[in-house]
Amino acid sequence: MPINYSNLRPVDPVLTGFMASLAPDPVLIGRALTPRVSIDNPDFIGKVWLDTHESFMGTPQALELQPGVPMPTMASKDPSTVSYECVPYGLASKGIPKRAAARSQLPEDLVQRELRMLRNALLIAEEIRYATLYQTSGNWTTTSACNALSGGAKWSSLTSTPLIYLHGYIGTFVEAAHGAMPTDLILPYAEARAIGATADARGFYVANVSGTETSAVQAGRPLGVDRVAEMLASEFGIKVHIGRARKNTANLGQSHSESYIWTDTVWMGTLNADAGVDGRSVRTIRSAALGIDERSLIGEGGLGGLDTSFSAGVDEIAPSQGDAWVPYVQHCADELKLAADLGATITDCL
């Protein structure tokens, strides 16, 4: 009988310089695309000025001056305000027993791992809030069901014409936005895939973006989402953001279930378009939405690769009370709709 060599090595080795992971790359877009300002305490609550469009669209009265006649006059309309309040959000670990940490063979510091996990949970929660902000049709002046647009078919139909839909809808948006052009398009991942499968998108991309009349259209192969974003950005002069992050829909410990954060609604609007500068200190922008971060000295910063808008720390439990480390992460922010006229949604696209 040959020797069973596995019996000579009863303990399996553990690679100490490598660890595989199923942790997703969420590609969160809400915080990245929304213009942001930071405020200091105690200004966690307050108001943002919103100037009117009516005062800056001219007047129908005759402006030709007549000898001896006073100049015509024009009264401006008062600006309004939008209220904000930075809300504190935070999450703590259930705790890492120090003895278990000392005995761990995991090739990563357990506290740093917990901090990354906690921060990721807060970022996903924030992405959900941004999806709610942008995809709630009641927040915006202009909205339409997809099959109510020119062409009358949802984008999940291979014969639909999404470029024609968007071309017409941009015109509708510009009228509602008082002449402002849209700067950004939020396209959920499933909608981007559906657009890429239509003959309308494939034919346009091959003829006008790739510059070759090759097999993509002839074979009916769909475009990838990156190609769809490239095509729409090129044609409409707009930044395209693909929302493909997913979220847990069940509490940890239960049977795992998940879903997309950005659902069946497309958002189009104007974000952070410069309108003017007053002197050296006041910047006026056209923007449908605004993100506000409260700078705070609460907690210890700089742990776990956290940026300046998040604070983090580690509480230490005494040996008599459990002898553990408890990492935590927190931040304080608000996601604010500024101008309903500068946003639009397309619903029920699939």
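Residues numbered from 1 in each chain as written. Predicted model: local features only at pLDDT ≥ 70, side-chain atom pairs only at ≥ 80, totals over all residues. Heavy atoms only, no water.

## Quick word on the overall build of the protein
Under the convention used in this document: The helix and strand labels rest on DSSP assignments: H or I over at least four residues marks a helix, E over at least two residues marks a strand, and numbering proceeds from the N terminus. Relative accessibility decides the category of a residue: with a 1.4 Å probe and only protein chains considered, values under 20% of the type maximum give buried, values over 50% give exposed, and everything between is partly exposed. Pairs of residues are marked as contacts when any of their non-hydrogen atoms sit within 4.5 Å. Every accessible area reported is derived by Shrake-Rupley at a probe size of 1.4 Å, with residue values counting cover from the shown protein chains alone.
Counting secondary structure elements, the protein contains eight helices and 17 strands. A total of 350 residues make up the protein; the buried ones form 37% of that total. Considering only residue pairs separated by 6 or more positions, the protein has 73% of its internal contacts joining residues 24 or more positions apart. Approximately 20300 Å² of the protein is accessible, and the part contributed by carbon and sulfur atoms is 54%.

## Here we look at the packing of helix H4 (residues 162–176) against helix H8 (residues 225–236)
Cut-off, in case you're wondering: All axes are obtained by fitting lines to C-alpha atoms, using only the stretch in contact for helices, and the reported angles, taken between N-to-C directions, cover 0 to 180 degrees. For classification purposes, an angle smaller than 35 degrees is called roughly parallel, one larger than 145 roughly antiparallel, one from 65 to 115 roughly perpendicular, and anything else oblique. The hand of a helix crossing depends on one turn: near helix anticlockwise from the far one by less than a right angle means left-handed, and clockwise means right-handed.
The interhelical angle for the contact between H4 and H8, taken along N-to-C directions, is 40 degrees, at an axis separation of 12 Å. Judged by the inter-axis angle, H4 sits oblique to H8. Our pair here, H4 against H8, has a crossing hand that is right-handed. Contacts between H4 and H8 involve Leu163, Leu166, His167 and Ile170 from the former and Met231, Leu232 and Phe236 from the latter.

## So, the side chain of Thr34
Convention followed: Two N or O atoms count as a polar contact when they lie within 3.5 Å, although within protein this holds only if one can serve as hydrogen donor and the other as acceptor, and sequence-adjacent residues are included solely when both atoms are side-chain atoms.
Turning to its location among the elements, Thr34 is positioned in the loop between helix H1 (30–33) and strand S1 (36–40). Looking at Thr34, its side chain comes within polar contact range of the side chain of Tyr134, at 2.8 Å. In contact with Thr34, other than residues within four places in its own chain, are Tyr130, Tyr134, Ala289, Leu290 and Gly291.

## Things to note about H4
Stated precisely, the cut-off is as follows: Any helix carries an expected span of 1.5 Å times its number of residues minus one.
Taking 1.5 Å per residue as the helical rise, H4 with its 15 residues ought to reach 21 Å, and the 21 Å between its terminal C-alpha atoms agrees with that figure. The positive-phi residue at the C-terminal boundary of H4 is His178, with phi of around 65 degrees.

## Some remarks on unusual backbone geometry
The phi dihedral of His178 is positive, around 65 degrees, even though this residue is not glycine. Looking at where His178 falls in the secondary structure, it is placed in the loop between H4 and strand S7 (184–188). Under the relative-accessibility criterion, His178 is labelled partly exposed at 30%. The phi torsion at Asp348 lies on the positive side, around 55 degrees, for a residue other than glycine. Note on placement: Asp348 falls in the segment after strand S17 (343–347).

## Thoughts on the side chain of Glu114
Looking at the element boundaries, Glu114 is found in helix H3 (residues 110–135). Those residues within four positions of Glu114 in sequence are excluded, and the remaining contacts are Ser93, Ile96 and Pro327.

## Describing the sheet that holds strand S8 (residues 239–243)
Rule in force here: At least two bridges found by DSSP between two strands is the condition for calling them paired.
The strand order across the open sheet built from five strands is S6-S17-S11-S7-S8, with neighbouring strands paired in mixed fashion. The open sheet has two free edges, formed respectively by strand S6 (142–145) and S8, since each of these has just one partner strand. The average angle at which neighbouring strand axes cross in this sheet is 15 degrees, direction not considered. Sheet topology places S7 next to S8; five bridges connect them, and they run parallel. Bridged to Pro188 within S8 is Gly243.

## Some words on the packing of aromatic side chains
Put simply, the test is: Pairing of aromatic rings covers Phe, Tyr and Trp, the last counted by its six-membered ring, and requires centre-to-centre distances within 6.5 Å; plane angles under 30 degrees mean stacked, over 60 mean edge-to-face, and any other angle means tilted.
Overall, the coordinates contain six aromatic pairs when judged by the stated rule. Judged by centre distance (6.3 Å) and plane angle (10 degrees), the rings of Tyr134 and Trp140 are stacked. Comparing Tyr134 with Trp140 shows no difference in burial state: the two are buried. A ring pair is formed by Tyr189 and Tyr260, whose centres lie 5.9 Å apart and whose planes are at 40 degrees; its orientation type is tilted. Here Tyr189 is found in helix H5 (residues 189–197), whereas its partner Tyr260 is found in strand S10 (residues 258–260), with 71 residues between them in sequence. For Tyr260, a relative accessible area of 30% gives the class partly exposed.

## Quick word on the environment of Thr132
Relative to the helices and strands, Thr132 resides in helix H3. Separated by 129 residues in the primary sequence, Thr132 and Ile261 place their C-alpha atoms 9.1 Å from one another.

## With respect to the confidence of the model for the protein
The test is simple: Per residue, pLDDT captures the predictor's confidence, and it can take any value from 0 to 100.
Here the protein averages 85 in pLDDT, while 88% of its residues score no lower than 70. Overall, residues 299–305 carries pLDDT values under 50, and its contacts beyond four positions in sequence, including any with other chains, amount to 17 contacts.

## Here's the deal with the packing of H5 against H8
Defined as follows: Each residue gets one of three labels, nonpolar for Ala, Val, Leu, Ile, Met, Phe, Trp, Tyr, Cys and Pro, charged for Asp, Glu, Lys and Arg, and polar for the others, Gly among them.
As a packed pair, H5 and H8 sit with axes 9 Å apart at the nearest point and diverge in direction by 80 degrees. Here H5 lies roughly perpendicular to H8, going by the angle between them. From H5, Tyr189, Ala192, Arg193, Ile195 and Gly196 reach across to H8, where they touch Val225, Val228 and Met231. Within the contact of H5 with H8, the residues separate by chemical class into six nonpolar, one polar and one charged.

## Some words on the pairing of strand S16 (residues 324–337)
With 11 of its 14 residues buried, S16 lies for the most part within the structure. Here strand S4 (residues 87–92) runs beside S16; their pairing, made up of six bridges, is antiparallel. What sits directly across from Pro88, in S16, is Cys332. Note: strand S15 (residues 311–317) against S16, seven bridges, orientation antiparallel. From the neighbouring strand, Ser311 faces S16, where its bridge partner is Gln330. The hairpin turn running from S15 into S16, its antiparallel successor, is six residues long, and Gly322 in that turn takes a positive phi close to 140 degrees.

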